[in-house]
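# Survey of secondary and tertiary structure
This is what each chain is made of:
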Amino acid sequence: MNKIKTLLKLFLTMFKIGLFTFGGGYAMVAIIERELVEKKKWIEHEEFMDVIAIAESTPGPIAINSATYIGYKMAGFFGSLFATLGVVLPSFIIIVIISLFYEQFIQIELVKYAFNGIQACVSYLILSAGLKMFKKLKKTVLNVILFILTISGIIIFTLFFPQIDISSIFYILIGGLVGVVVYLLGYFKKKERGEK
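Keep in mind that what you see is a predicted model, and the values were worked out from it rather than measured.

This part takes up the overall build of the chain. Summing up its helical and strand segments, the chain has 8 helices and 0 strands in all. Counting all 196 residues of the chain, 24% fall into the buried class. Counting only contacts in the chain whose residues sit at least 6 apart along the sequence, the fraction spanning at least 24 positions is 57%.

Okay, here's the thing in structure tokens:
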């Protein structure tokens, strides 16, 4: 019975996140953090940061990867299944309904204005999530350098968007490579000092 309650809680929480978040994974980060770290206290903030890093560097949308991880942590395989279904179903249902009436739907002027408003909100949600995560991040030299490089990359990309044709995968690979190099440097330093 307790397991069923946990599965239901997981499903409903992820369904709520999926239903009330517009703009994809990055826009969901702030809401996922509020629901899972601050309200439910299912994971600590440090673990949440790791979940986001792993979810972003593995194939698939960040929200689905995060839901799968949290679900598995809470209730194993069925937990990950229910959490993933919960976060995916709202979008699926909404898209199916919109696709049935797409032609009529897109011509409504109110809908166009609503989408413009949603775009502005999504930009704010992404920026807000990034700043919130940076505030809680340990201020190591590596983290500050990566933050500065990221902000610089965003500014350069924004200013010179038409001339630049570099895939975001390139930036993810560079970030991963920098992380591995820093880890190895730290590992070899510890070995020299005789630490485990």
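Here the narrative resumes.
So, about the nonpolar core. General note: in soluble globular proteins, nonpolar side chains tend to be found buried as a group. Ranked by internal contacts, the top residues of the largest apolar core, which has 23 residues, are Met-14, Ile-32, Phe-48, Ile-70 and Val-87. For this core, the secondary structure elements donating two or more residues are helix 1 (2-19), helix 2 (25-39), helix 3 (45-57) and helix 4 (62-100). Among the elements that take part in this core, helix 4 stands out by supplying 7 residues, more than any other. With near-sequence residues (within four places) excluded, Met-14 lies in contact with Leu-36, Ala-67, Ile-70, Ala-83, Gly-86 and Val-87.

This part is about helix 4. An ideal rise of 1.5 Å per residue puts 57 Å on 39 residues; helix 4 reaches only 27 Å between its terminal C-alpha atoms. The sharpest bend along helix 4 comes to roughly 145°, located at Ala-75.

This brings us to the pattern of salt bridges. Enumeration over the complete set of coordinates arrives at 3 salt bridges. One salt bridge in this structure joins Glu-35 and Lys-16, with 3.1 Å as the shortest N-O distance. Residue Glu-35 is found in helix 2, and its partner Lys-16 is found in helix 1; the two are separated by 19 residues along the sequence. Relative accessible area serves as the criterion here: at 2%, Glu-35 is assigned to the buried category. Its relative accessible area of 37% is what places Lys-16 among the partly exposed residues. For the salt bridge of Lys-39 with Glu-35, the shortest nitrogen-to-oxygen distance reads 3.3 Å. Of this pair, Lys-39 and Glu-35 are both found in helix 2, 4 residues apart, which corresponds to roughly one turn of the helix.

Glancing now at a nonpolar patch on the surface. Taken together, the side chains of Val-88, Phe-92, Ile-93, Val-96, Ile-97, Leu-100 and Phe-101 define a hydrophobic patch exposed on the protein surface, amounting to about 640 Å² of accessible area. Its location among the elements puts Val-96 in helix 4. Residue classification places Val-96 among the partly exposed positions, given a relative accessible area of 36%.

Attention now goes to the packing of aromatic side chains. One pass over the full model with this rule turns up 2 aromatic pairs. Taking 5.2 Å as the distance between ring centres and 75° as the angle between the ring planes, the aromatic pair formed by Phe-77 and Phe-78 counts as edge-to-face. Overall, the relative accessible area of 56% leaves Phe-77 in the exposed class. Owing to a relative accessible area of 45%, Phe-78 belongs among the partly exposed residues under this scheme.

Cut-offs used in this document
Residues numbered from 1 in each chain as written. Predicted model: local features only at pLDDT ≥ 70, side-chain atom pairs only at ≥ 80, totals over all residues. Heavy atoms only, no water. Helix = DSSP H or I, 4+ residues; strand = E, 2+ residues; numbered from the N terminus. Buried < 20%, exposed > 50% of the residue type's maximum accessible area, 1.4 Å probe, protein only. Contact = heavy atoms within 4.5 Å. Core = buried A, V, L, I, M, F, W, Y, C linked by side-chain atoms within 4.5 Å. Expected span 1.5 Å × (residues − 1). Bend = angle between axes of the 7 residues up to and from the residue. Salt bridge = Lys/Arg side-chain N within 4 Å of Asp/Glu carboxyl O. Patch = residues over 30% accessible without salt bridge, like charges linked within 9 Å, V, L, I, M, F, W, Y side chains within 5 Å. Areas by Shrake-Rupley, 256 points an atom, 1.4 Å probe, with all protein chains shown as cover. Phe/Tyr/Trp six-rings, centres within 6.5 Å; stacked < 30°, edge-to-face > 60°.

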